Amino acid sequence: MPRSQVRREHFGGLLRTLRLERRLTQEELAEAAGSSVRGIREMERGRVRSPQRRTVVLLADALRLTGEDRDRFVTLARVERQPHDRVAVSDDRVAVSEDRVAVPEDRVAVPHDRVAEVPHDRLAVVVPGELPAAVPDLAGRTEILERLSALAADVTAWRPDTASVVVLHGPPGIGKTSLAVAAGHRLSPAFAGGQLFVDLQGASPDGPVDPAEVLAGLLRSLGVPDSRVPVSAAERGGLFRTLTRDRPLLVVLDNAASEAQVRPLLPAGRGCLALVTSRRPLTGLAGAVRLPLDLLAPAAGRLLLAAIVGADRIDAEPAAADQLVKLCGQLPLAIRIAGNRLASRPQWSVGWLVDLLHDQRRRLTVLTAGDLGVRSAFEVSYRQLDPMTARVFRRASLIPGTDFEAALVAAAAGTGGEIAAAALEELVEASLLLTIGDRYQFHDLVRLYAQERLDAEEQQSSRTGAHDQMVGWLLRRTRQAGLMFEPVASRVDSPFDDDRAAASWLDRESGNWLAALRDAARRGRHADVVAVTRALHWYSDANSHRHSWDEIFSLGVAAARAAGSLRDEAVLLNFLGWARYFCRDRNTDGLAALDRALELAQRIGDRREEAWALTYTAAIFIRIGRGGAAVDHCRRAVGLFREIGYALGEHSAASALGGALATLGRFAEAAELHRDVLAFYVEGNGLSPTGAAVAQAGAMMSLGADLAGMGRWRDAADEYARARRVFNRCGATFSEAIAIHRYGLALQALGEVDAAAEALWAALALYAALSCLWWEAQTLSALAALAGSAPGRAADARLLRQRALDRCGELDAPEVRTLRATLRRELAES
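A. Highlighting the nonpolar core. Counting residues in hydrophobic clusters, the biggest one holds 221 residues, and the most contacted among them are Leu-273, Leu-324, Phe-393 and Phe-404. In terms of residue count, the dominant contributor to this core is helix H35 (residues 689-709) (11 residues). In this structure, Phe-404 is in contact with Ala-396, Ile-399, Val-409, Leu-424, Leu-433, Arg-439, Tyr-440, Gln-441, Phe-442, Glu-509 and Asn-512, ignoring residues within four places of it in sequence.

Now the structure itself:
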């Protein structure tokens, strides 16, 4: 057949025509020819211009071609292959053939028809330059690029023990390919042997590319003609390693699926560097350096937006730009798509796009531009999951908190703990979940995608059942944890070894169990809400400022009222009163709740709750300077507790009585009471270890205040220091801050100014972390007094008083009004 006639036909078109004539699908032809579906598709599209002769022969057999039809089919494939087989070599010159740069290893030009007879070391060396164009607006990756440059310098200098494989890994849309290509262009001058680039399609719906196919392409890129490409994968790998042994070569293996896919493709030379990108860290690659890609910092996200949209547009709406980066989850792909949408719509403001993205139901749809889409990036990874892992992924999106443990996922997925744990690790490997220690976390956009899949793939009844199962598990576990702090409580069958383990769980899962409690309250699960909130009382004593106890106990009060349980309502009103005054410094609101608790307890004849209401009310009276009323309430409470034989309540009321006596200046009587209370708590008396320790430290604090009232400042400082150490061990941060604060005041009274200031600043830092405005104000006022007494520090004192006054602004109580007036007077005088 004349070559001119053959060239008018296209091999891919002919292949497709013959396949359709025989009514074969691509899958059926691939199976008959022993090829891959992807290979058939790429040949038909004309993307494979040099199919191997063996492949062509097998295709001809599968198509049952004979005679002239067979000759025409095979000849057309050969003709399209030949331009890629030409290797031109000259003395010291470079010749270009089909976008490849050929550089001679010797001074012998090898004719094409004799190249198969030439040994490997006599083949002309082709210097490939296959890197795609780099994105011009890469942002936020300077540190990694610098690290790669340093690593490349070590590799090309042949330094021993230098890693020659780098794995850039991270979730979909994090910018792995963009970074690898940018790094390749930056490093290419150091690799005179050339740069190879292969998309391994590890996240392709059709599956990853066979390493044997990739090796054939790499060999052709290095100048090996089709006739010299070995048939077996092992021989191809051997030839590839031979050709790369002594040349400085950069190989970028993009989108790798697994270690097994990558290993045969790694060059052998010590002067070679392989950059591998993957959604998985590929931990099985020995000796590789793994560089995880993080989300873009907000500033880098703004830079990326500005590079795409224009700096003027971004600078005109800086707050909206920051919000846009946040709504994109700081994910480079999402930010790039958002930027592209803005760039293609100059009439849009940044704020307009922000408003669109605020709707979570539409966010993934909005983050689509052309053939770029966040949803499609996640889709590829999701479709590769096995059914159980996919179910765990979907069900985990039901969890309300920002992070979670495997046991909670197991409850939502309705599976065993080990199965859930294995699925979660697989999701981490697939970069669909993040890890924080031993806990797991969604990226915001991935969570939205998981919720979409849950809605699309599971019936409403299934979703509701999974949600209810998760909420029920959280409520049970929260109640079990709270009961670990209950005095003389039965801890049989508890999943927690001790109260410390229970506290740790409650702290870590607070975002989840509190959301479950709110959900139960909304859906009328009154008995569950009452049981959980009552169980948390003794835990709240040791963790007073760690959770929103006023909200938690308000939910309990409402549930008890809805359930018609007067006793539960009285109990929870007492808890609520405590939370309002002690945790939120809302004395008036606290008294209102306690008045209702007292009235209700007296109406139903519950002397225990009546005594608690009197004790808590007395504590507020002490705070607001009503010492006489506080003494009366405490004595009534002590009597009631003694009548019912409740020693723990009796000593709590006695401790409050000591505080009331101290407000009246009766410090010696108060100290005697507090020593008795401390001795009682040292014996434990049924409290949990943490509860007993916190109670002892509280008694030490009260005794320290009595000693301070008597002017025994050194003894007071010692008690405060002891209490501070105990609170610190128990994790009772707020109480620790008060102990440090009072210790500082005692040192101030002793004239130890520097040590006092150090203690007060430490207390202020803890108060600020807990958002305790009243206590911040008191500490700032004390620091201002210290500064005011020092020469040349009047300006510092004034600034501290102003800060203290600012903290008082949102509070309203007699003691606050007194401090506010004092600060204003001092500021006016300074």
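B. Just the pairing of strand S7 (residues 273-278), in detail. Across the six residues of S7, six count as buried, placing the element largely inside the fold. Alternating residues of S7 divide into Leu-273, Leu-275 and Thr-277 and Ala-274, Val-276 and Ser-278, and every residue in both groups is buried. Where strand S4 (residues 165-169) and S7 come together, five bridges link them in parallel fashion. Counterpart to Leu-168 in the pairing with S7 is Thr-277. Sheet topology note: the strand S6 (residues 250-256)/S7 ladder contains five bridges and is parallel. Bridge assignment links Ala-256 to a residue of S7, and that residue is Ser-278.

C. View of the packing of helix H31 (residues 607-623) against helix H33 (residues 647-663). Two elements in contact, H31 and H33, have axes whose closest approach is 10 Å; the angle formed by their N-to-C orientations is 25 degrees. As summarised for this structure, H31 and H33 are arranged roughly parallel, according to the angle between their axes. You can see that H31 and H33 cross each other, and the crossing is left-handed. Between H31, through Trp-612, Thr-615 and Ile-622, and H33, the contact on the second element is made entirely by Gly-649, Ser-652, Ala-653, Ala-656, Gly-659, Ala-660 and Thr-663.

D. A look at the packing of aromatic side chains. Under the definition given, this model contains 25 aromatic pairs. Measuring from centroid to centroid gives 5.6 Å for Phe-680 and Tyr-681, while their planes differ by 65 degrees, and the two rings are edge-to-face. Note on accessibility: Phe-680 and Tyr-681 belong to one class, buried. An aromatic cluster of three or more residues is present, and its members are Phe-378, Tyr-382, Phe-393, Phe-404, Phe-442 and Tyr-449. Above the face of the Phe-621 ring, Arg-626 is positioned so that its terminal group lies 4.0 Å from the ring centre.

E. Layout of the pattern of salt bridges. Per the stated rule, a full pass over the model turns up 42 salt bridges. Salt-bridge contacts for Arg-220 lead to Asp-226; the nearest nitrogen and oxygen are separated by 3.3 Å. No difference in accessibility class separates Arg-220 from Asp-226, as the two residues are buried. Taking the shortest distance from any N to any O, the salt bridge between Arg-394 and Glu-457 comes out at 3.2 Å. You can see Arg-394 sitting in helix H19 (residues 387-396) and its partner Glu-457 sitting in helix H22 (residues 444-457), a full 63 residues away along the chain. Classification of Glu-457 by relative accessible area gives partly exposed; the value is 35%. Beyond isolated ion pairs, a larger network of salt bridges with shared partners links Glu-379, Arg-383, Arg-394, Arg-395, Arg-453, Glu-457 and Glu-458.

About the cut-offs
Residues numbered from 1 in each chain as written. Predicted model: local features only at pLDDT ≥ 70, side-chain atom pairs only at ≥ 80, totals over all residues. Heavy atoms only, no water. Core = buried A, V, L, I, M, F, W, Y, C linked by side-chain atoms within 4.5 Å. Buried < 20%, exposed > 50% of the residue type's maximum accessible area, 1.4 Å probe, protein only. Helix = DSSP H or I, 4+ residues; strand = E, 2+ residues; numbered from the N terminus. Contact = heavy atoms within 4.5 Å. Pairing = 2+ DSSP bridges. Axes fitted to C-alpha atoms, helices over the stretch in contact; angles between N-to-C directions. Parallel < 35°, antiparallel > 145°, perpendicular 65-115°, else oblique. Left-handed = near helix turned anticlockwise from the far one by under 90°. Phe/Tyr/Trp six-rings, centres within 6.5 Å; stacked < 30°, edge-to-face > 60°. Lys NZ or Arg CZ within 6 Å of the ring centre and 35° of its normal. Salt bridge = Lys/Arg side-chain N within 4 Å of Asp/Glu carboxyl O.

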